[in-house]
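Structural overview
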Amino acid sequence: EGNVKVQDTLLNYFLTHDERFFHDVERMLKLAIQDSEQHRTRVANAAYYRGYDTPLRFVNVNCTLRLLQLLCEGHHHGLQEYLRSQRDNLRSCNIVKSVSQFLSELTSHTLDKENLKLLLQALALLTEVCQGPCYGNQATLVANGIFPIIAELIQSPELHVNLDELEKSPDDEESDNRLLLMVKSNSFKLLLALMEGSSDGNIHSVLLKEMRLEPLRELTEELISTQMFIESKDELLCDLVYDIMITMHTIVNMVNRNDQIESELRVARDLLEKNKEKIGLLGRIEIERNDRIEQVYFRVPAACSLITEETKNRVFWAIDR
């Protein structure tokens, strides 16, 4: 949860002062993208840049993205909106769009450990600005091609997780395979944030047009077959599997069916049907949002299987309706 008092104070400061903070953030991200493009050019033409092996670094970008995430923490709607549009300024800066462009550029690189962490932070920020939900930020990211970027992060061979190596060193939080698994996990959390509260299925339809689900099925089956999932040894891996299944359920229930995406829907339905016995602890509730009933899926904590029927009934009848 965010510190609402501090967040409100900062939002009031932004609204009442002629400040250049967001202009500077936008400029920093544009310069980072330019540096990245130049770095890729030098790497691609290494013969003309003898001895060029300098790793790509982005000074202060990670901590700035973290600050922006904290501004929106706890779904602070005012700051979520303000990151996209500062209507009180002469020139508004769409920071949400700029971060998505930076994320797109970052995925074009062979990433080392430091830039994998930066990638994770960018995904965490974009997830935070969408949750709540914030429909304006969701629409901005979808319009600026976020789904192909997420597809690249999930499906790229260069970002493949070596599960055998991961199982050999499960406690190494800094290993490349652990960070790559976190990239997959954060990518699906962003997918779920983009679909949150969408009641007409349009976002889901765009997702199916811009992302193929077959690689997701292959990833899911690979994860489910590991001992780490079967024995619930790795919490991050288990969370990732559940997030994938929740994504599939959300798509199947919400998408507007048509011939163009029917084949992708079959992949989602087949994945759910094949693995429904293995994914036993998946719960569902219905909530009312904007005069519509929305189905929300979630992972049921394993401890809930130990609750007695007597306790369940006591909790059920004690709820304030």
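Let me begin by describing the structure that accompanies this report. (Residues numbered from 1 in each chain as written. Predicted model: local features only at pLDDT ≥ 70, side-chain atom pairs only at ≥ 80, totals over all residues. Heavy atoms only, no water.)

Re the overall build of the chain
Helices and strands together make up the secondary structure of the chain, namely 16 helices and two strands. Rg of the C-alpha trace for the chain: 21 Å, near the compact-globule value of 20 Å for 321 residues, within the 12% margin. On the principal axes, the C-alpha backbone points of the chain span a range of 65 × 50 × 45 Å. Residues classed as buried in the chain amount to 45% of the 321 residues present. Sequence separation of at least 24 residues holds for 72% of the intrachain contacts in the chain that already meet a minimum separation of 6. Only carbon and sulfur atoms are counted for the fraction: they give 50% of the accessible area of the chain, which is about 17,200 Å². Side-chain charges of the chain comprise 36 positive and 51 negative groups, with the mean position of each set lying 2 Å from the other. (Helix = DSSP H or I, 4+ residues; strand = E, 2+ residues; numbered from the N terminus. Rg over C-alpha atoms; globule rule 2.2 N^0.38 Å. Buried < 20%, exposed > 50% of the residue type's maximum accessible area, 1.4 Å probe, protein only. Contact = heavy atoms within 4.5 Å. Areas by Shrake-Rupley, 256 points an atom, 1.4 Å probe, with all protein chains shown as cover. Lys, Arg positive; Asp, Glu negative; His and termini not counted. Charge placed at Lys NZ, Arg CZ, Asp CG, Glu CD.)

Describing the packing of aromatic side chains
Considering all chains together, one arrives at nine aromatic pairs under this definition. The interplanar angle of 70° and the centroid separation of 6.4 Å between the aromatic rings of tyrosine 13 and phenylalanine 14 together place this pair among those described as edge-to-face. Classification of tyrosine 13 by relative accessible area gives partly exposed; the value is 41%. Overall, the relative accessible area of 7% leaves phenylalanine 14 in the buried class. Ring centres 5.1 Å apart and planes at 90° place the aromatic pair phenylalanine 316 and tryptophan 317 in the edge-to-face group. (Phe/Tyr/Trp six-rings, centres within 6.5 Å; stacked < 30°, edge-to-face > 60°.)

What to know about the pairing of strand E2 (residues 292-299)
Note that strand E1 (residues 282-289) and E2 share eight bridges and pair antiparallel. In the strand pairing of E2, leucine 282 is matched with arginine 299. Hairpin connection between E1 and E2: a loop of two residues separates the two successive antiparallel strands, and asparagine 290 in this loop has a positive phi of roughly 55°. (Pairing = 2+ DSSP bridges.)

Remarks on a negative patch on the surface
The grouping of Asp171, Asp172, Glu173 and Asp176 at the surface amounts to a negative patch. With respect to the helices, strands and loops of the structure, aspartate 172 is situated in the loop between helix H9 (163-168) and helix H10 (176-195). (Patch = residues over 30% accessible without salt bridge, like charges linked within 9 Å, V, L, I, M, F, W, Y side chains within 5 Å. Salt bridge = Lys/Arg side-chain N within 4 Å of Asp/Glu carboxyl O.)

Examining helix H7 (residues 135-143)
Of the positions making up H7, those classed as buried are Asn137, Gln138, Thr140, Leu141 and Val142. On its buried side, H7 packs onto helix H4 (77-84), helix H5 (95-106), helix H6 (113-130), helix H8 (146-155), H10 and helix H11 (202-210). Glycine 145 sits one or two positions beyond H7 and adopts a positive phi of about 75°.

Overview of the pattern of salt bridges
Pairing between side chains becomes possible if they bear opposite charge and their charged atoms approach one another. Taken as a whole and judged by the stated rule, the model has 13 salt bridges. A salt bridge links arginine 84 to glutamate 81; the nearest nitrogen and oxygen atoms lie 2.5 Å apart. Of this pair, arginine 84 and glutamate 81 both sit in helix H4, separated by three residues, roughly a single helical turn. For arginine 84, a relative accessible area of 16% puts it in the buried group. Exposure remark for glutamate 81: the relative accessible area of 24% places this residue in the partly exposed category. Close ionic contact of lysine 189 with aspartate 243 constitutes a salt bridge, the shortest N to O distance being 3.0 Å. In this pair, lysine 189 is assigned in helix H10 and aspartate 243 in helix H14 (residues 235-254), connecting sequence segments 54 residues apart. Take lysine 189: its relative accessible area is 36%, and that puts it in the partly exposed class. The network of salt bridges with common partners includes Glu214, Arg217 and Asp270.

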